[in-house]
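# Structural overview for review
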Amino acid sequence: MGGGTEANALYSPYPQFVSRPKGKAIHNIIQDRLRQFTGGGQYQNQSLLPKLDEGRISGGDAVKISVYSVPNLARPSFDEAVKKGTFKATKKGESFGPSWSTHWFKITIKVPSDLAKKEHLEFHWDANNEGLVWSENGEPLQGLTGGGDRVEWIFPKSWRDGSAHTFYIEMACNGMFGNAPGGDGNQPPDPNKYFQLNTADIVAVNLEARQLFVDFWIIGDAARELPQDSWQEHQALQICNDIMDAFIAGEGSQESILKGREIASKYLGDINSHQVYDSGKEAIVFAVGHCHIDTCWLWPWAETKRKVARSWANQCDLMDRYPEHRFVCSQAQQYKWLKQLYPALWKRVSEKVHKGTFIPIGGSWVEHDTNLPSGESLVRQFLYGQRFFESNFGERSKTFWLPDTFGYSSQLPQLCRLAGMSRFLTQKLSWNNINKFPHTTFNWVGPDGSQVLCHMPPSETYTAEAHFGDVRRSETQHKSMDQDNTSLLVFGKGDGGGGPTFQMLEKLRRCRGISDQVGLLPRVKVGNTVDEFFYNLEKKAANGTEFTTWYGELYFELHRGTYTTQSNNKWNNRKTEILMRDIEFIATLASLKPKSNNKSKSYSYPKKDIDDMWEGILLCQFHDCLPGSSIEMCYRDSDKLYVGVWETGKRLVKEALEVLGFEVDEDEGQYMLNLLPWKRHDPSQLMSAQRAGLGAITLGVDSPVDCDLKLIEHQDGSIVISNEQFQIKVENGAITSLKDIRSSRELIPDGEKANQFVIFDDKPLFWQAWDVEVYHLNSRKEIKSGKTVVIKNDYNGISLFTETKISDKSWIKNTITLRSASYNDYPYVEFDTEIEWQETMKFLKVEFPVNIINTEASYETQYGIVRRPTHYNTSWDMAKFEVCCHKWADLSEYGYGVSILNDSKYGFATSGKTMRLSLLRSSKAPDGHADMGRHHIKYAMYPHDGGLDHRTVRAAYEFNHPMRIIKPIPQRRSHFEAFQSVRLVGNPAIILDCIKRGEDDPDVSRGELPKRKAQSIILRVYDSLGGTAKGTIEWDPDYLPVEGAFLTNIMEDDLHEVSYPKTTASFDFILRPFEVATFRLQLPAI
Ligand SMILES: [Zn+2]
């Protein structure tokens, strides 16, 4: 019978008689009761809330305020404002505005003696807008958010001495999300918003009451969110009720508050310091602080610069108070602004970076869009980002950090690896509104086979509030538990909310306490870095864990309108990317020109100008700028920036050409400058004699003897034009027949029309500038065009012109041009379109129905091709009803295909046999005037015998790279040989996409990183079609005395030397499908 134990004793401690009746706790009632303790409403005065302050004073001698309201919406520096501003007395209750204006407050506080004795004093300020606290001598101290969030600033203890002490607050008349009217942050900003100063008080805080508030909050969450079939849920509920009962019994006394905390500790353990994380028990959720600051969005760049200072100052302060706190922050551009504008804060941040608590991450210049920028732009995002981090903090980032971008290019795994990053963090795919992405941690594989370890935090946010629920969801929503149970929790208010708050760090300590004390909640840890998290995953992978793979692009099933919105910005992006390619190429040749020409001594590679231009272009690729989802102000800023890029660009081309003995002359020039790595014609010009790739082409030598162009105008208004290749029938602007004569094929399906403009009603569910929804396709309407007329008919081509009225205010003028096929390498039909666009919530596209059948269409992406379905078999297929392309889209079947080229567009759809290029949208939010006005768009239809191959790739390059017309400068040697000094030969799928000087060459470097001894040329090539490809780089040893060649990564680090017989002045190389390779040709040391 067990024998001898207390439980077996004869005497039972259980009383024989009942003392009183006791009922079962009614779960929902005691749960609903909890809100009485910390919520507002009718019991507020009886709750814990009034206990949070022990005293509060404002106005009078205690708080004196004067203000300098800055005129003209200017944002002066501290010195400008404080030294030059006129300050006038003001007080609580006054309002300040209008939107975007700045007000500097001089605040003098004198702590009254009764408050001076209190344990903890703070200054509270709330005007429902953002502010920055500055010390009297101009040091930025801490940001303020407003609207009840982050209203407190802990002033120095020494200020309790009874004397007056002064500080400043710089008020920005905008909230976290700009100045949107009412509650809809998506709408254009109200220019006339005013902000009332509600709070400007010295407050004595009851720290124990504040702590009890957080205790109760978290245990209350456990009572609400843990499953009811767990004992931990019931205990949480009981503990909360016990805390309330103790508070009531003690009539809200300090003792009852302390008693409450004691009761809470039964559930939380000891959570009063960072040592809660030292229990030695294994955590699976790693919480890292972060502050997602959109570089522009509902506010302009100028405000972002201040948001950065406010937010990062907060974090430096929090790190001093919470030693476990780790804060990761991306976007080199934001660091650069801080360095330029806030030197004192930059120093403070740098110290924290060296301590390892403030952690630069991401490796890119900004958190950029990845659908629209070119391959070279993606490379430069990394090159400029990583070089900034390396030169300022001694280290490159190992993790590409891009939580909030609208879809992810398939080439990112390869480019990340080439930039020294093996890890990728993102989040946005949790916003998909059709299919749920199935993985949390996985290998993401690019088209060349490169992989990165990708993690998508299962709490499904990059601005978590660090709630109990966020920690819990890190387990319950984790989709890769079969391989690994760990996850990141990225917490902190973004966009001017200033990053993590002290409340978040307090909540996380309690969540950890719960896991150690009662369990059930996944164990969270604060204090590890993102690199440590990924390192553990990489170790696991190395030790045999096979993470699930995802091949190809991470298509985002939302925000498909961003391929089209803000057309002008996208036009500038495409054109300046091409401009940069030309400038770097010509400047490279000019900077290496043989010393025989005197001019060369004064010319050096214009690195600073090139850096400034690239940094501007990269900034505009920010994930709310280039995609078109920012307010109007932001596009006025980017328009101005691009004007600067064009001006500098024009000057740089002129200066570099001059060194080589040429000048641009559109009227009198005799040569066309071909900077593409293959021979080409420009069929728009007179016939050429020489056809050299990467070189000058003689212009205007002869005109064709037999012109193959023919024109027939029919009585019914239809016009038939033809060359040796095509016969095209045009009726009222549309192509009703397109016959490939050589292939004997009719390309337009019976009764259908190509170059047909169609318009759609475009009202997405919520995010106007961002989204186009699948149902817009139901509203397709053909726009009727006017009569087509012949406007040109000579040996350069036949042009047909048609005007189309869209509405009373909007119209299209479209010119179709067919050129001779005999001198045309890629005989495409060109369309030149001018549009006046004044519509509301309409989407304009142009259609090309073609007699081609394939279940997949091909689209150019960075350094390659993405294939996407032309059907809607599954919800994953249908979700891609609008996709992104670069210079071309192609629908080919075996033996024949049609490519649609464009000069500045990115949105496309192929539905069955219909190819549809997206032209213009007319969303009214957040920019009320997006895309209104005049547009000039070029596109082309290129039918080709045979499947998709290098001809489409080259045709699209040529369509986008018009040649410059140049002439030799008289009395100067013209260095024709320069343009032939480096060449690519071999497989035509290989593209030489970039020629530039080495970043750290002795005559190029700006000193941020160690210089090399010798000059070099960087060449970037890629396979454009997806096959193993062999190529050869050749150079002219007289012009380029190459001493060696190296394969490098995109950071231009040498990976290995390329071996080749030194007598040949060339080397061979082989590329994987869609591989990007960078070579460095080394020249003699200088
Ligand atoms: Zn964002």
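Further up the page is the structure itself.
Residues numbered from 1 in each chain as written. Predicted model: local features only at pLDDT ≥ 70, side-chain atom pairs only at ≥ 80, totals over all residues. Heavy atoms only, no water.

### Comments concerning the overall build of the chain
- Each helix and strand counted, the chain has 20 helices and 54 strands in total.
- For 1086 residues, the compact-globule formula gives about 31 Å, and the C-alpha radius of gyration of the chain, at 33 Å, lands near that figure.
- Taken along the three principal axes of its C-alpha coordinates, the chain extends 120 × 65 × 65 Å.
- Going through the 1086 residues of the chain one by one, you find that 61% of them count as buried.
- Sequence-distant contacts, at least 24 apart, represent 75% of the contacts inside the chain between residues at least 6 apart.
- For the chain, the accessible area works out to roughly 41000 Å², and carbon and sulfur atoms hold 49% of it. (Helix = DSSP H or I, 4+ residues; strand = E, 2+ residues; numbered from the N terminus. Rg over C-alpha atoms; globule rule 2.2 N^0.38 Å. Buried < 20%, exposed > 50% of the residue type's maximum accessible area, 1.4 Å probe, protein only. Contact = heavy atoms within 4.5 Å. Areas by Shrake-Rupley, 256 points an atom, 1.4 Å probe, with all protein chains shown as cover.)

### Topic: the coordination of the zinc ion
- Donor atoms from the polypeptide that coordinate the zinc ion comprise H292 (NE2), D294 (OD), D404 (OD) and H623 (NE2), at 1.9 to 2.1 Å from the metal.
- Angles of 88 to 158° at the metal separate the four donor atoms of the zinc ion, which places the site in the irregular class.
- Spacing between the donor residues of the zinc ion along their common chain follows H-x1-D-x109-D-x218-H. In this pair, D294 sits in the loop between β13 (285-290) and α8 (301-321) while D404 sits in the loop between β16 (399-401) and α12 (412-418), placing the two residues 110 residues apart along the sequence. For the pair D294 and D404, one class covers both residues: buried. (Donors = N, O, S within 2.8 Å, 3.2 Å for Na, K, Ca; no water. Tetrahedral: all angles 85-135°; square planar, octahedral: opposite > 155°, others 65-115°.)

### Some remarks on the nonpolar core
- Grouped together as the largest cluster of nonpolar side chains are 154 residues, with contacts concentrated most on W312, F358 and F1067.
- When residues no more than four places from it in sequence are discounted, the contact partners of F1067 are G1031, T1032, I1033, W1035, A1045, V1058, Y1060, F1079 and L1081.
- One finds L709, I721, V850 and Y859 within the second-largest nonpolar core, a separate group that totals 52 residues. (Core = buried A, V, L, I, M, F, W, Y, C linked by side-chain atoms within 4.5 Å.)

### As for unusual backbone geometry
- Along the chain, G97 connects to P98 via a cis peptide bond; the corresponding omega equals -5°.
- As for its position among the elements, P98 is in the loop between β4 (95-96) and β5 (102-109).
- The residue after A925, namely P926, is reached through a cis peptide bond having omega 5°.
- Structurally, the position occupied by P926 is in the loop between β44 (914-920) and β45 (933-945).
- One non-glycine residue, S744, lies in positive phi territory at about 50°.

### Let's talk about the state of the cysteines
- Inspection of every chain in the model, using the stated rule, returns zero disulfides.
- Its sulfur unpaired, C634 is 4.2 Å from the next cysteine sulfur, which belongs to C296.
- A residue is classified by how much of its surface remains accessible, and C634, at 1% relative accessible area, is buried. (Disulfide = S-S within 2.5 Å.)

### Remarks on the environment of Q1082
- Mapped onto the secondary structure, Q1082 falls in strand β54 (residues 1076-1085).
- For Q1082 and T870, which are 212 residues apart along the polypeptide, the C-alpha to C-alpha distance reads 47 Å.
- For Q1082, the contacting residues outside a window of four places in its chain are A1014, Q1015, S1016, P1041, V1042, E1043, G1044 and F1046.
- Side-chain polar atoms of Q1082 contact the side chain of R1080, separated by 2.7 Å. (Polar contact = N/O pair within 3.5 Å; in protein donor to acceptor, adjacent residues only side chain to side chain.)

### Here we look at the sheet that holds strand β26 (residues 710-713)
- The sheet built from five strands is open, its strands ordered β26-β27-β28-β29-β30 with antiparallel pairing. Every interior strand has two partners, whereas the edge strands, β26 and β30 (745-746), have only one.
- Across six bridges, the pairing between strand β28 (residues 726-731) and strand β29 (residues 734-740) is antiparallel. By the bridge assignment, K729 is partnered in β29 with S737. (Pairing = 2+ DSSP bridges.)

### Topic: the side chain of D470
- With respect to the helices and strands, D470 occurs in helix α13 (residues 468-476).
- Other than its neighbours up to four places away in sequence, D470 contacts S459, T461, A464, E465 and L489.

### Considering the environment of G1026
- Within the element layout of this structure, G1026 appears in the loop between β49 (1014-1023) and β50 (1029-1035).
- Residues G1026 and P227, 799 residues apart in the sequence, show an inter-C-alpha distance of 51 Å.
- Setting aside residues no more than four positions away along its own chain, G1026 makes contact with P1073 and F1074.

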